[in-house]
Amino acid sequence: MTLAEIVTFDEVVIQCHDAPDPDTIACGFALWRFLSLRGVKVRLIYAGAQITKPNVVLMIKTLNIPLEHVLDLPRPKLLITVDCQYGAGNVTHFECDRFAVFDHHRLEIADSDDLVIFPQLGSCSTLIWDLLRKEKFDFAANAAVTTALVYGLTTDTLEGAESRHPLDRDLAEFAGADMALIKKLKNSALTMDDLQIVARALSSSRLIGAIGALRSQSCDPNLLGFACDIAKQVESFDCCMVYAPHNAGTKLSIRSSAREMRADELAAFITEGVGSGGGTTEKAGGYISTQALAGVSAEGFITAKIEAYQSRYNIIYSNDHNIDFASMPRYCKLPIPVGFAPTIDIFEEGEPICVRTLEGDVDTLASKEVYLMIGIEGEVYPIQRSNFERDYRVLPDRYTLKADYEPTVISRRSGDKKPILPSARSCAAQSSKVVCAAPLARDAKIFTAWDAEKYFSGRIGDYIAAPISGFNDIYIVKREIFHKTYEPV
Ligand SMILES: [Mn+2]
């Protein structure tokens, strides 16, 4: 259901889940304000236990959020659940004529056109913010809404450290939130009991391979990140994870302390098919739906996944390997049009910039020596101008790209954001570029010559390749992309 459809109802009830956290409250509040301004009669409610968490009480009071605690509800024409799904276990059931859902958890109920669900987002606040933005909602005139949404995102992504999607990062940087209040709320999140919860979680630690696993009782998600930050400093942990029951599932927080294990990758691996997860190389988070586990205990599932993750990889260092590229088949790159943009067409020489794409943020400098390449799936990466000129030729055609998230370039100095596409032109690989390549027989982590800190992951069937001119310049090409972009020589 779209916001435009919702405003055609004259009376609407918005319901938060039964353990209201800043994310569900922020979403309800933002929608409440939007609908009120459009003349809809609207109530914002929750059921379940009364709110006592100090930061949530303070948030509601300071931002004047008209959240009502109700035990029963006259049957509304439209009931909207935010950050939860009508009919799921974490939200009290009320009869209604019709319902709509705005959420960022995995789908848990029968799908319909009235559900707006984006599990790839780190918070439901991100979803509501993006929808309101598209409706030209006046955030500047509604600073309390902006503050609530940024705070909702902050708590759901553990201060942004576990944000998953470029839109999460866009909201985190959105101007107009009362950052002093958010700071105060962040520092009133814990009670004395919470410290006991952290202490018990820390004392539950187990070592599985080189990964520390800690179990916590149900608690404020911030506690998971807090416990994880302490546990990751244990010498025998290359990575650690704290997990706890949360809403209708299990919430995970992950920290990496060795370059051979990426926190975001482990989060995605554990939650694949049963929830959602992601973050950055060092910090990540995720959520597993209890329903998706179909009776398997969350603890058993997590333990098995942690074991599986560690036994599936070869680790390859480009500067120190014994892979026999010389006897592999040779391929050349097909002249398929891709995009490129000189960085100085977007920002001035010397500007520190961050390229934001679906795959994450990449930092570089605007320079006449640095170009940005846009691959066939919209992936963006920097390339030295000299390498570009050697390996590609510029085409006369305009470059167009259809992508879920249009890549942007952000000045790390001023915060200015500019899209790449207006500066992008078409180019194609020179046929003279020959590589030796073969499909991977096992999953692998590859440290390339470009980055000693961060590895690239390849799955069985993806291609490992190196140019005939230098076998230390190893890289991975996804199987589908390899077949589309290379041919045997
Ligand atoms: Mn949420």
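Quick look at the overall build of the protein chain now. Scanning the protein chain from N- to C-terminus turns up 13 helices and 29 strands. Viewed in the frame of its principal axes, the protein chain has a C-alpha envelope of about 75 × 50 × 40 Å. Relative to its full complement of 489 residues, the protein chain shows a buried share of 40%. Taking contacts inside the protein chain between residues at least 6 apart in sequence as the whole, the part at least 24 apart equals 63%.

Even without being glycine, Asp-83 reaches a positive phi, approximately 65 degrees. One can find Asp-83 in the loop between β4 (78–82) and β5 (98–103). Overall, the presence of 31 C-beta atoms within 10 Å leaves Asp-83 in the buried class. Positive phi outside glycine occurs at Ala-294, with the angle close to 45 degrees. On the secondary structure map, Ala-294 appears in the loop between β12 (283–289) and α11 (298–311).

The next subject is the environment of Leu-67. Looking at where Leu-67 falls in the secondary structure, it is placed in strand β3 (residues 67–69). As a C-alpha pair, Leu-67 and Ile-14 span 53 residues in sequence and 9.6 Å in three-dimensional space. Excluding its chain neighbours within four sequence positions, the residues that come into contact with Leu-67 are Ile-25, Gly-28, Leu-44, Tyr-46 and Ile-60.

For the rest of this paragraph, the subject is the pairing of strand β24 (residues 434–439). Pairing geometry for strand β14 (residues 330–333) and β24, over three bridges, is antiparallel. Note that in β24 the partner of Cys-332 across the bridge is Val-434. Note: β24 against strand β27 (residues 463–467), five bridges, orientation antiparallel. Of the residues in β27, the one forming a bridge with Val-435 is Pro-467.

Time to look at the sheet that holds β5. Spatially, β3-β2-β1-β4-β5-β6 is the arrangement adopted by the six strands of the open sheet, whose pairing is parallel. For this open sheet the edge positions go to β3 and β6 (115–117), each flanked by a neighbour on one side alone. Mean inter-strand twist for the sheet, computed between neighbouring axes without regard to direction, equals 25 degrees. One ladder, built from three bridges, connects strand β1 (residues 11–15) with β4; its direction is parallel. Among the inter-strand pairings, Gln-15 is bridged to a residue of β4, identified as Thr-81. In the packing of helix α2 (residues 22–37) onto the sheet, the strands contacted are β1, β2 (41–46), β3, β4 and β5, and the crossing angle to β2 comes to about 170 degrees.

Turning to the packing of helix α10 (residues 263–271) against α11, a few remarks are in order. Across the interface, α10 lies against α11 with an axial gap of 10 Å and an inter-helix angle of 125 degrees. By the angle between their axes, α10 is oblique relative to α11. Note that α10 runs across α11; the crossing there is right-handed. Contacts between α10 and α11 involve Leu-266, Phe-269 and Ile-270 from the former and Ile-302, Lys-305 and Tyr-309 from the latter. Its residues assigned to classes, the contact of α10 with α11 comprises five nonpolar, no polar and one charged.

All right, on to the domain arrangement of the protein chain then. By domain assignment, the protein chain separates into domain 1 (3–186), domain 2 (192–311), domain 3 (317–330 + 433–488) and domain 4 (336–429). The distance between the C-alpha centroids of domain 2 and domain 4 comes to 35 Å.

Turning to the sheet that holds β24, a few remarks are in order. Taken together, the five strands give an open sheet; going across it, the order is β28-β27-β24-β14-β29, and neighbouring strands pair in antiparallel fashion. Each edge of the sheet is formed by a strand with only one pairing partner; in this case those strands are β28 (475–477) and β29 (486–488). Between one strand and the next, the sheet's axes are offset by a mean angle of 45 degrees, whatever the strand orientation.

With that settled, the discussion passes to the nonpolar core. Ala-30, Leu-31, Ile-128 and Leu-149 are the most contacted members of the largest nonpolar core, which totals 51 residues. If you tally residues by element for this core, the top one is α2, at nine residues. Other than its neighbours up to four places away in sequence, Leu-31 contacts Ile-14, Ile-80, Val-82 and Ile-128. In this structure, Leu-223, Phe-226, Ala-231 and Cys-240 belong to the second largest nonpolar core, which totals 29 residues.

Here we take up helix α5 (residues 143–156). Under the 1.5 Å per step criterion, the end-to-end length of α5 is 20 Å for 14 residues, consistent within 8% with the ideal 20 Å. Along α5, 12 of the 14 residues are buried, which leaves the element largely enclosed by surrounding structure. All buried positions along α5 are accounted for by Val-145, Thr-146, Thr-147, Ala-148, Leu-149, Val-150, Tyr-151, Gly-152, Leu-153, Thr-154, Thr-155 and Asp-156. Structurally, α5 contributes buried residues whose contacts are with α2, α3 (54–62), α4 (124–134), α6 (166–172), α7 (179–186) and α9 (221–231). Where α5 terminates, the next one or two residues include Leu-158, which has phi positive at roughly 45 degrees.

With that settled, the discussion passes to the environment of Lys-484. By secondary structure assignment, the location of Lys-484 is in helix α13 (residues 479–485). Judged by C-beta crowding, with 14 C-beta atoms within 10 Å, Lys-484 ranks as partly exposed.

Parameters and conventions
- Residues numbered from 1 in each chain as written.
- Predicted model: local features only at pLDDT ≥ 70, side-chain atom pairs only at ≥ 80, totals over all residues.
- Helix = DSSP H or I, 4+ residues; strand = E, 2+ residues; numbered from the N terminus.
- Buried ≥ 20, exposed ≤ 12 C-beta atoms within 10 Å, placed from the backbone.
- Contact = placed C-beta atoms within 7 Å.
- Pairing = 2+ DSSP bridges.
- Axes fitted to C-alpha atoms, helices over the stretch in contact; angles between N-to-C directions.
- Parallel < 35°, antiparallel > 145°, perpendicular 65-115°, else oblique.
- Left-handed = near helix turned anticlockwise from the far one by under 90°.
- Nonpolar A, V, L, I, M, F, W, Y, C, P; charged D, E, K, R; others polar.
- Domains from an automatic or database assignment.
- Core = buried A, V, L, I, M, F, W, Y, C linked by C-beta atoms within 7 Å.
- Expected span 1.5 Å × (residues − 1).

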